[in-house]
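Chains, contacts and geometry: an overview
The primary structure of each chain is shown beneath.
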Amino acid sequence: YIYVKGVQMALLALGALVTGLLYAHFSAKASYGWGAEIRKAEYARVQQYAFSNLDHFVTSSLITRMTTDVTNVQNAYQMLIRVAVRAPIMMIFAMIMSFTINVKISLIFLATIPVLGFILIWLAQHVHPYFERVFNTYDRLNEVVQENLHGVRVVKSFIREDHEDQKFGKISKKIYVDFAKAEKMLAFNMPAMMCAINVCLLAVAWIGAKAIIVSG
């Protein structure tokens, strides 16, 4: 019996490995292909802009839209098709199996959902302003780089390298500081989830042990 079940588990693990590699491959192919199509469409759209549009949208902002923003969108899409499809399926089947075993103990898992939801909403509300400010600063960063590339001869002629380095470093540091603050807040996400999971396990073990003693 042990040998048979062991072989079955090994085959299932091998199947999970193969399917995991396949879904990672196809999700990356879909997301990066989608990003390439977005960049192509944006570039074609920019070529059709009238002079009034070009006066409204600065070059640095258009560069950010076609590089950083598209990269963020395609990464979010990749995570969406990798996690948002698998996670609900795993949660639904796990809840079905847990309620099949014991309804009372399974209610513990339902009690943690509002807690985790509150934590995620709180993090999103506090982190969003930092990312919004960073994305706006990217425009200024690209603008400084563009000015230096276009005016490199002027900068060298008037010996303005140190000034331009300080200007670039100031904007770069601002992006770093905002990103660091946002990531520090996001770092609470995983400890909060692990804390909720461990509390659930302790509650299940405690209530389950009492149920076994009473039934015995």
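Use the structure listed above.
Just so you know, these numbers come straight off a predicted model, no measurement behind them.

This paragraph deals with the overall build of the protein. From N to C terminus, the protein includes 8 helices and 0 strands. When its helices and strands are written in sequence order, the protein yields α-α-α-α-α-α-α-α. Its C-alpha atoms give the protein a radius of gyration of 26 Å, more than 25% over the compact-globule value 17 Å for 216 residues. Within the protein, contacts between residues separated by at least 24 positions form 81% of all contacts whose residues are at least 6 apart in sequence. Roughly 16,100 Å² of accessible area belongs to the protein as shown, and the carbon and sulfur atoms make up 72% of that amount.

Our next topic: the nonpolar core. If you look at the biggest cluster of nonpolar residues, it comprises 6 residues: V134, Y138, L141, V144, I171 and I175. For this core, the secondary structure elements donating two or more residues are helix 5 (103-150) and helix 7 (161-186). Take this core: its biggest share by element is 4 residues, from helix 5. Beyond its immediate stretch of four places on either side in the chain, Y138 contacts T64, T68, I175 and F179.

At a minimum axis separation of 9 Å, helix 5 and helix 7 run at an interaxial angle of 160°. When the axis of helix 5 is compared with that of helix 7, the two are roughly antiparallel. For the crossing formed where helix 5 meets helix 7, the hand is left-handed. Among the residues forming the contact of helix 5 with helix 7, the class breakdown is 16 nonpolar, 4 polar and 9 charged.

Considering all chains together, one arrives at 4 salt bridges under this definition. With a closest N to O distance of 3.7 Å, E37 and K40 form a salt bridge. One end of the pair, E37, and the other, K40, are both in helix 1 (residues 2-47), 3 residues apart, so they sit about a helical turn from each other. Where E143 meets R140, a salt bridge forms, and the shortest distance between an N and an O atom there is 3.5 Å. Placement of both E143 and R140 in helix 5 is noted, with a separation of 3 residues, approximately one turn of the helix.

All right, on to the packing of helix 3 (residues 59-83) against helix 5 then. The contact between helix 3 and helix 5 brings their axes to 8 Å, and the two run at 125°. In terms of axis orientation, helix 3 runs oblique to helix 5. By crossing handedness, the relation of helix 3 to helix 5 is classed as right-handed. Residue-level inspection shows T59, S60, S61, I63, T64, R65, T68 and N72 of helix 3 in contact with helix 5, the latter providing F135, Y138, D139, N142, E143 and Q146. Of the residues assigned to the contact of helix 3 with helix 5, the class counts are 3 nonpolar, 8 polar and 3 charged.

A separate point is the side chain of S106. Structurally, S106 can be placed in helix 5. The class for S106 is buried, based on a relative accessible area of 2%. One polar contact links the side chain of S106 to the main-chain carbonyl oxygen of S98, over a distance of 2.6 Å.

Below, the discussion takes up the environment of R133. As for its position among the elements, R133 is in helix 5. Residue class for R133 comes out partly exposed when judged on its relative accessible area of 34%. Along the primary structure R133 and K174 are separated by 41 residues, whereas in three dimensions their C-alpha atoms are 9.7 Å apart.

The rules we used
Residues numbered from 1 in each chain as written. Predicted model: local features only at pLDDT ≥ 70, side-chain atom pairs only at ≥ 80, totals over all residues. Heavy atoms only, no water. Helix = DSSP H or I, 4+ residues; strand = E, 2+ residues; numbered from the N terminus. Rg over C-alpha atoms; globule rule 2.2 N^0.38 Å. Contact = heavy atoms within 4.5 Å. Areas by Shrake-Rupley, 256 points an atom, 1.4 Å probe, with all protein chains shown as cover. Core = buried A, V, L, I, M, F, W, Y, C linked by side-chain atoms within 4.5 Å. Buried < 20%, exposed > 50% of the residue type's maximum accessible area, 1.4 Å probe, protein only. Axes fitted to C-alpha atoms, helices over the stretch in contact; angles between N-to-C directions. Parallel < 35°, antiparallel > 145°, perpendicular 65-115°, else oblique. Left-handed = near helix turned anticlockwise from the far one by under 90°. Nonpolar A, V, L, I, M, F, W, Y, C, P; charged D, E, K, R; others polar. Salt bridge = Lys/Arg side-chain N within 4 Å of Asp/Glu carboxyl O. Polar contact = N/O pair within 3.5 Å; in protein donor to acceptor, adjacent residues only side chain to side chain.

So far we have only geometry, and geometry alone does not tell us how the molecule works.
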